[in-house]
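Coordinates in review
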Amino acid sequence: MANGSEVVHGFPHLDTVRAAITALHKRLSYDGVRAYAGSVPPADVAFADDDDLHLGAQRVAHALVRQLRLPEARMIVSFREMHHAASVELTAGPEYFIELNDRFRRHRRDIGAALAHEITHVLLHRLGLEFHGTRDNEILTDTVATYLGAGWLLLDAYREDEVSSQKLGYLTPEEFGYVLAKRALVFDEDPSVWFTSPQGYTAYTKGRDRALRDGRQPPLSAAGWNGRRRYAKDRRYAADHPGPDRPGHGSPYAFEHAPGGGLRVSFPCPTCHQRIRVPVRGRVRARCGLCRTILECDT
């Protein structure tokens, strides 16, 4: 797990984040994702300065093992000087060895965040879910930790002022906020009340704004006037120019001509980002086959 000194902002990894959400839904299925309806409560991962370091770390690790619905494997947590924030030894179990950077001896409030990332590595190892390349695999880990109710700790560990900064994980603060908002929309949660970091809360609101925009893209009925006008122009062009898929300019939807005639449009589900294909025939109600979201469309 990385801990960069310079905090990057914005949404540079958004395509990989969305691919990770789709991959998680495919691996766990609808019922599997729904099993994670409740996030880990702040009280279960709180770490007071007067708590015993090792017993407290074991307690928090156990709470995160329960949250991620892992078998009751034993997490052995130790501390040493290291470049990264934390690391985990992935084996067949039944014990897993997690090492945390020595600085967490002094910054105990962030131990839960570091453990959330590393224990999610254990979950992904057991699921056989991975992306190619270290960067994408770490983004997958942050995304899954957050989507399954443990990663709000990573965003709460983000702090920044004029003289110093701290951020754990590979996602930007706003990307953590985006995934957290995606989860909140699915499970009807309000994670904003858990933040102790003002910067973490601000990043969540920015990520939430971006997540809400996913549900206002054409051909969804909630799209704004400008989006609908652009969509209508792209639709006319596609109807007049038969050929391969024709994406809208800078838009996520694409048009294609059906084999038997007529026009179809494909677009990503705003919940799980699996692509959905529907006929172009005015108002259509579609259901995502992966996450079962019902979508009102104006095609």
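Just so you know, these numbers come straight off a predicted model, no measurement behind them.

The subject of this paragraph is the pairing of strand S9 (residues 275-279). Burial of the side chains of S9 is restricted to one face: Ile276 and Val278 are buried, whereas none of Arg275, Arg277 and Pro279 on the reverse face is. Where strand S8 (residues 263-268) hands over to S9, the hairpin turn is made up of six residues, of which His273 adopts a positive phi near 70°.

In this section: the side chain of Thr172. Position of Thr172 among the secondary structure elements: in the loop between strand S5 (165-166) and helix H7 (173-187). A polar atom in the side chain of Thr172 sits 2.6 Å from the backbone oxygen of Gly10. Apart from residues no more than four positions distant in its own chain, Thr172 is found in contact with Val8, His9, Gly10, Pro12, His13 and Lys167.

If you look at the biggest cluster of nonpolar residues, it comprises 73 residues, and the most contacted ones within it are Leu64, Met75, Leu100, Ile111, Leu115 and Ile119. Among the elements that line this core, the one with the most residues is helix H4 (residues 111-127), at ten residues. Leave out the neighbours within four places in its chain, and Leu64 touches Val40, Val45, Gly112, Leu115, Ala116, Ile119, Ala150 and Leu153. Tyr231, Val278, Ala286 and Leu295 belong to the second largest nonpolar core, which has 19 residues in total.

An α-helix turns once every 3.6 residues. As a result, residues three or four positions apart point the same way. For helix H8 (residues 198-214), with 17 residues, the first-to-last C-alpha span of 25 Å sits near the 24 Å given by 1.5 Å per residue. Those residues of H8 that fall on the buried side of the exposure criterion are Gly200, Ala203, Tyr204, Gly207, Ala211 and Asp214. Looking down the long axis of H8, one finds its buried residues gathered within 105° of arc, a one-sided arrangement. Packing partners of the buried residues in H8 comprise helix H1 (14-34), helix H6 (152-156) and H7.

The next subject is the state of the cysteines. With the rule as written, the count across this model stands at zero disulfides. Cys291 supplies the cysteine sulfur nearest to Cys269, a cysteine that is in no disulfide, at a spacing of 3.5 Å. On the basis of relative accessible area, Cys269 is assigned to the buried category, the value being 0%. Not engaged in a disulfide, the cysteine Cys297 finds its nearest cysteine sulfur in Cys269; these two sulfurs lie 9.8 Å apart. Here Cys297 falls in the buried class, since its relative accessible area comes to 1%.

Here the focus is unusual backbone geometry. Put simply, Pro218 and Pro219 share a cis peptide bond, and its omega is 10°. Within the element layout of this structure, Pro219 appears in the loop between H8 and helix H9 (225-240). Not every positive phi belongs to a glycine, and Asp188 is a case in point at roughly 55°. Tracing the sequence through the fold places Asp188 in the loop between H7 and H8. A residue is classified by how much of its surface remains accessible, and Asp188, at 71% relative accessible area, is exposed.

All right, on to H9 then. When the terminal C-alpha atoms of H9 are compared, their 23 Å separation across 16 residues agrees well with the 22 Å that a helix rising 1.5 Å per residue should span. Within the sequence span of H9, burial applies to Gly227, Tyr231, Ala232, Asp234 and Ala238.

Considering all chains together, one arrives at eleven salt bridges under this definition. Taking the shortest distance from any N to any O, the salt bridge between Arg80 and Glu99 comes out at 2.9 Å. Of this pair, Arg80 sits in strand S1 (residues 74-80) while Glu99 sits in strand S3 (residues 95-101), placing them 19 residues apart in sequence. Judged by its relative accessible area of 36%, Arg80 falls in the partly exposed class. For Glu99, a relative accessible area of 26% gives the class partly exposed. The partner of Glu256 in a salt bridge is Arg264, and the shortest N-O contact between them spans 2.5 Å.

A separate point is the environment of Gly260. By the secondary structure assignment, Gly260 is in the loop between strand S7 (254-257) and S8. In this structure the C-alpha to C-alpha distance between Gly260 and Tyr201, which are 59 residues apart in sequence, comes to 51 Å.

What follows concerns the sheet that holds S3. Taken in spatial order, the three strands of this open sheet run S1-S3-S2, and their pairing is mixed. Every other strand in the sheet has two partners, leaving S1 and strand S2 (86-89) as the edge strands with one partner each. The mean angle between the axes of side-by-side strands here comes to 20°, regardless of whether they run parallel or antiparallel. The sheet contacts of H4 involve S1, S2 and S3, and relative to S3 the element is tilted by about 145°.

Summed over the entire model, instances satisfying the criterion amount to five aromatic pairs. Their ring planes at 45° and their centres at 5.2 Å tell us that Trp152 and Trp194 sit as a pair that is tilted. Pair noted here: Trp152 is in helix H6 and Trp194 is in the loop between H7 and H8, with a separation of 42 residues, a long-range link. By relative accessible area, which is 19% here, Trp194 ends up buried. With a centroid separation of 5.9 Å and an interplanar angle of 40°, the aromatic rings of Phe195 and Tyr204 are classed as tilted. Residue classification places Phe195 among the buried positions, given a relative accessible area of 13%. Taken together through their ring pairs, the aromatic side chains of Tyr231, Tyr253 and Phe255 make up a single cluster. In this structure, Arg103 packs its charged tip against the face of Phe104, placed 4.5 Å from the ring centre. We note Arg210 situated over the ring of Phe11; from NZ or CZ to the ring centre the distance is 4.8 Å.

Conventions used here
- Residues numbered from 1 in each chain as written.
- Predicted model: local features only at pLDDT ≥ 70, side-chain atom pairs only at ≥ 80, totals over all residues.
- Heavy atoms only, no water.
- Buried < 20%, exposed > 50% of the residue type's maximum accessible area, 1.4 Å probe, protein only.
- Helix = DSSP H or I, 4+ residues; strand = E, 2+ residues; numbered from the N terminus.
- Pairing = 2+ DSSP bridges.
- Polar contact = N/O pair within 3.5 Å; in protein donor to acceptor, adjacent residues only side chain to side chain.
- Contact = heavy atoms within 4.5 Å.
- Core = buried A, V, L, I, M, F, W, Y, C linked by side-chain atoms within 4.5 Å.
- Expected span 1.5 Å × (residues − 1).
- Arc of directions from axis to C-beta.
- Disulfide = S-S within 2.5 Å.
- Salt bridge = Lys/Arg side-chain N within 4 Å of Asp/Glu carboxyl O.
- Axes fitted to C-alpha atoms, helices over the stretch in contact; angles between N-to-C directions.
- Phe/Tyr/Trp six-rings, centres within 6.5 Å; stacked < 30°, edge-to-face > 60°.
- Lys NZ or Arg CZ within 6 Å of the ring centre and 35° of its normal.

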